[in-house]
Amino acid sequence: LDILIGLYGEKFHEVAATYSNLALNNIGLKKYDQATEQLKKAIDIHRGYHGESHPSTILLYVNLAMAYHSLGHYKEEYQALEKAAFAYEVARLSV
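A brief structural summary. (Residues numbered from 1 in each chain as written. Predicted model: local features only at pLDDT ≥ 70, side-chain atom pairs only at ≥ 80, totals over all residues. Heavy atoms only, no water.)

### Some points on the nonpolar core
As a reminder of what qualifies: Buried Ala, Val, Leu, Ile, Met, Phe, Trp, Tyr and Cys residues form a nonpolar core when they are joined through side-chain atoms within 4.5 Å. Per-residue accessibility, obtained with a 1.4 Å probe over protein chains only, is compared with the maximum for each type, and a residue is labelled buried under 20%, exposed over 50%, and partly exposed between these values. Strands here are runs of E lasting at least two residues and helices are runs of H or I lasting at least four, both read from the DSSP assignment and numbered beginning at the N terminus. In what follows, a contact means two residues having at least one pair of non-hydrogen atoms within 4.5 Å.
Among the nonpolar cores identified, the biggest contains 22 residues, and I27, L39 and L64 are the most heavily contacted of them. When residues of this core are traced back to their parent elements, those giving at least two are α2 (13-28), α3 (32-50), α4 (55-71) and α5 (74-93). The greatest single-element share of this core, amounting to seven residues, is contributed by α4. Other than its neighbours up to four places away in sequence, L64 contacts T36, L39, K40, I43 and A80.

What follows is the structure, given as structure tokens:
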């Protein structure tokens, strides 16, 4: 991750993919706090490249909701799922 950031900067799409992969590993390791931070970074980068209603961005919101659920942060889980549902609806209606 540090090498990618050093080469391309923080807002590079491969950096987002790496954050996402690290987050999924941390979810598997039950390190949900770290996973939520990594997913938020991945979402921020993905939105910049692909927009809010891209399938990858929507999936990141769902993964973020899963991490929040595991932490017992149900309000944040609901908010992440709302964003995913809204983005999905925007994508569906634009086809």
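### Details of unusual backbone geometry
For K30, which is not glycine, the phi dihedral falls at a positive 65°. Note on placement: K30 falls in the loop between α2 and α3.

### Quick notes on the pattern of salt bridges
We count it as follows: Salt bridges are counted wherever a side-chain nitrogen of Lys or Arg sits within 4 Å of a carboxyl oxygen of Asp or Glu.
Scanning the entire structure with this criterion turns up five salt bridges. A salt bridge links E37 to K40, with the nearest nitrogen and oxygen atoms 3.1 Å apart. In this pair, E37 and K40 are both assigned in helix α3, three residues apart and thus about one turn of the helix distant. Given a relative accessible area of 36%, K40 falls into the partly exposed group. Residue D44 is joined to R47 by a salt bridge in which the shortest nitrogen-to-oxygen separation is 3.7 Å.

### A word on the side chain of T57
One can find T57 in helix α4. In this structure, T57 is in contact with H46, R47, H50, G51 and E52, ignoring residues within four places of it in sequence.

### Digging into the side chain of E77
Under the convention used in this document: Lys and Arg are tallied as positive, Asp and Glu as negative. Neither His nor the chain termini are counted. Throughout this description, a polar contact denotes any pair of N or O atoms lying within 3.5 Å of each other; where both atoms belong to protein, one of them has to be capable of donating a hydrogen while the other can accept it, and for residues adjacent in sequence the pair is counted only when both atoms sit in side chains.
Relative to the assigned elements, E77 resides in helix α5. Of the side chains bearing the opposite charge, K75 lies closest to the buried E77, which forms no salt bridge; the N-O distance is 13 Å. Among the polar contacts made by the side chain of E77, one reaches the side chain of H69 at a distance of 3.1 Å. With residues near it in sequence (within four places) discarded, E77 still touches A65, Y68 and H69.

### A short note on the environment of V62
Note that V62 resides in helix α4. Overall, V62 belongs to the partly exposed group, its relative accessible area being 35%. Along the backbone, V62 and L81 are 19 residues apart, and their C-alpha atoms lie at a distance of 6.1 Å.

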